[in-house]
Amino acid sequence: MLKQIISIVREAGKTVLSAHDIGSRTHEKTSAADLVTEYDVAVERFLREKLLALLPEAAFLGEEEAGPPRPEQGWTFIVDPIDGTANFVRGLRRSAISVALTRNGAVEYGVVYDPYKDEMFSAGRGAGAFLNGGPICVSEKPLAEGIFSMGTALYRREYFAPTMRLTEQLFERSCDFRRMGAAALDLCDVACGRVEAFFEYSLFPWDYAAGSLLITEAGGFVSALEGGPLPIVQRSGVWASNRVNRDILSELEV
Ligand code: IPD
Ligand code: CA
Ligand code: CA
């Protein structure tokens, strides 16, 4: 199953790489900060068709097009066709395709693909996490010797002040931070040890479902920002880290 999902996602990556005239194919969803391109829709339709052909009994939750309501039990694909749409529109070349397959609410497979770097992150529950087929693991660095990344929860602007407060507290305890604009890849950076921790006050399941399995399979830790497991049906704040830094939030004002 994982191999087949990977091959479908790799194929979808070609659409992202071949994108052109993106500006004229971009539309506002709710505001100038909330964009969708014709490529987001095309990639989601492609994934819906191919993934459901692979597992016809599965439900499908994609960011762009609402489908029938999801049953609580059974298999569900959770898909972000382009995570980092604002980067994509601006030619910043940091965006990814994210696909998770859940069963009865637990993520069984997670795939995140950065077509620009040709980096395929994949994980199967209990089977480890991989980058282009090689095993990956989280770093062992304490935050004092490392960096964290964060997102600004831009669709929930009321979270900006708490985001800045938490950023300041973590910055004081670390070397530096980044805001790179694609949450699925931010989670993969933690999973493969490039970054020690990540947080964002509000994300959707399609942003974090695949990445959360990558982190746990890579030996890291992921939770809701206020603690507790990440929900797979509604949005949530997200905290992700290597093992050394997992409890650092308990010392901070979140
Ligand atoms: C967004 C990106 C961004 C994060 C936002 C997400 P989208 O996803 O992951 O980094 O800060 O909260 O919504 O809209 O580009 O798929
Ligand atoms: Ca996203
Ligand atoms: Ca998206």
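Please refer to the structure higher up on the page.
This is a predicted model, so every value here is computed, not measured.

I'd like a rundown of the coordination of the calcium ion (ligand 2), residues and numbers included.
Bound to the calcium ion (ligand 2) on the protein side are Asp80 (OD), Asp83 (OD) and Asp207 (OD), at distances that span 2.1 to 2.3 Å. Read from N- to C-terminus, the donor residues coordinating the calcium ion (ligand 2) fall into the pattern D-x2-D-x123-D. In this structure, the calcium ion (ligand 2) is positioned 3.8 Å from the calcium ion (ligand 3), and both are ligated by Asp80. Its relative accessible area of 1% is what places Asp80 among the buried residues. By relative accessible area, Asp83 is classed as buried at 6%.

Break down the nonpolar core for me, citing the residues and quoting the values.
Among the nonpolar cores identified, the biggest contains 38 residues, and Val112, Phe121, Ile136, Phe198, Leu214 and Val238 are the most heavily contacted of them. Those elements giving two or more residues to this core turn out to be strand S5 (96-103), strand S6 (106-114), strand S7 (119-124), strand S8 (128-131), helix H5 (183-191), strand S12 (197-203), helix H6 (205-217) and strand S14 (236-241).

Give me the lowdown on the site of ligand 1, citing residues and values where you can.
Close to ligand 1 lie 15 residues, the nearest being Asp83, Gly84, Thr85, Arg179 and Glu200. Between ligand 1 and Ile82 there is a distance of 3.3 Å, counted from an oxygen atom to a backbone nitrogen or oxygen. Taking Arg179, its side chain carries an N or O atom lying 2.8 Å from an oxygen atom of ligand 1. The protein chains hide 95% of the 380 Å² of surface that ligand 1 would expose on its own. Elements supplying a minimum of two residues to the shell around ligand 1: strand S4 (75-83) and S12. Per element, the largest residue contribution to the shell around ligand 1 is three residues, and it comes from S4. When grouped by side-chain class, the residues that make up the shell around ligand 1 number six nonpolar, three polar and six charged.

If you had to explain the packing of helix H1 (residues 2-17) against helix H2 (residues 38-54) to someone new, which residues and values would you point to?
Interaxial distance between H1 and H2 falls to 10 Å at its minimum, and their mutual angle equals 160 degrees. Judged on the interaxial angle alone, H2 and H1 are roughly antiparallel. Of the two possible hands of crossing, H1 and H2 adopt the one that is right-handed. Across the interface between the two elements, Gln4, Ile5, Ile8, Val9, Glu11, Ala12, Thr15 and Val16 from H1 touch Tyr39, Val43, Phe46, Leu47, Lys50, Leu51 and Leu54 from H2. Residues of the contact of H1 with H2, tallied by class, amount to eleven nonpolar, two polar and two charged.

Could you give an account of the coordination of the calcium ion (ligand 3), naming the residues involved and the relevant values?
Within the protein, Glu63 (OE), Asp80 (OD) and Ile82 (O) serve as the donor atoms for the calcium ion (ligand 3), at 2.2 to 2.4 Å. All donors of the calcium ion (ligand 3) belong to a single chain; written as a sequence motif, their spacing is E-x16-D-x1-I. Here Glu63 falls in the partly exposed class, since its relative accessible area comes to 22%.

Describe the packing of aromatic side chains, listing the residues and the values that go with them.
Summed over all chains, the structure comprises seven aromatic pairs. Between Tyr39 and Phe88, the ring centres sit 5.8 Å apart and the planes meet at 80 degrees, which makes this aromatic pair edge-to-face. With Tyr39 in helix H2 and Phe88 in helix H3 (residues 85-89), this pair connects stretches of sequence that are 49 residues apart. Each of the two residues, Tyr39 as well as Phe88, counts as buried. The interplanar angle of 25 degrees and the centroid separation of 6.4 Å between the aromatic rings of Phe148 and Phe199 together place this pair among those described as stacked. Placement of the pair is Phe148 in strand S10 (residues 147-150) and Phe199 in strand S12, with a sequence separation of 51 residues. For the residue pair Phe148 and Phe199, the accessibility class agrees, reading buried in each case.

What counts and how
- Residues numbered from 1 in each chain as written.
- Chains lettered and ligands numbered in written order.
- Predicted model: local features only at pLDDT ≥ 70, side-chain atom pairs only at ≥ 80, totals over all residues.
- Heavy atoms only, no water.
- Donors = N, O, S within 2.8 Å, 3.2 Å for Na, K, Ca; no water.
- Buried < 20%, exposed > 50% of the residue type's maximum accessible area, 1.4 Å probe, protein only.
- Core = buried A, V, L, I, M, F, W, Y, C linked by side-chain atoms within 4.5 Å.
- Helix = DSSP H or I, 4+ residues; strand = E, 2+ residues; numbered from the N terminus.
- Near = heavy atom within 4 Å.
- Polar contact = N/O pair within 3.5 Å; in protein donor to acceptor, adjacent residues only side chain to side chain.
- Areas by Shrake-Rupley, 256 points an atom, 1.4 Å probe, with all protein chains shown as cover.
- Nonpolar A, V, L, I, M, F, W, Y, C, P; charged D, E, K, R; others polar.
- Axes fitted to C-alpha atoms, helices over the stretch in contact; angles between N-to-C directions.
- Parallel < 35°, antiparallel > 145°, perpendicular 65-115°, else oblique.
- Left-handed = near helix turned anticlockwise from the far one by under 90°.
- Contact = heavy atoms within 4.5 Å.
- Phe/Tyr/Trp six-rings, centres within 6.5 Å; stacked < 30°, edge-to-face > 60°.

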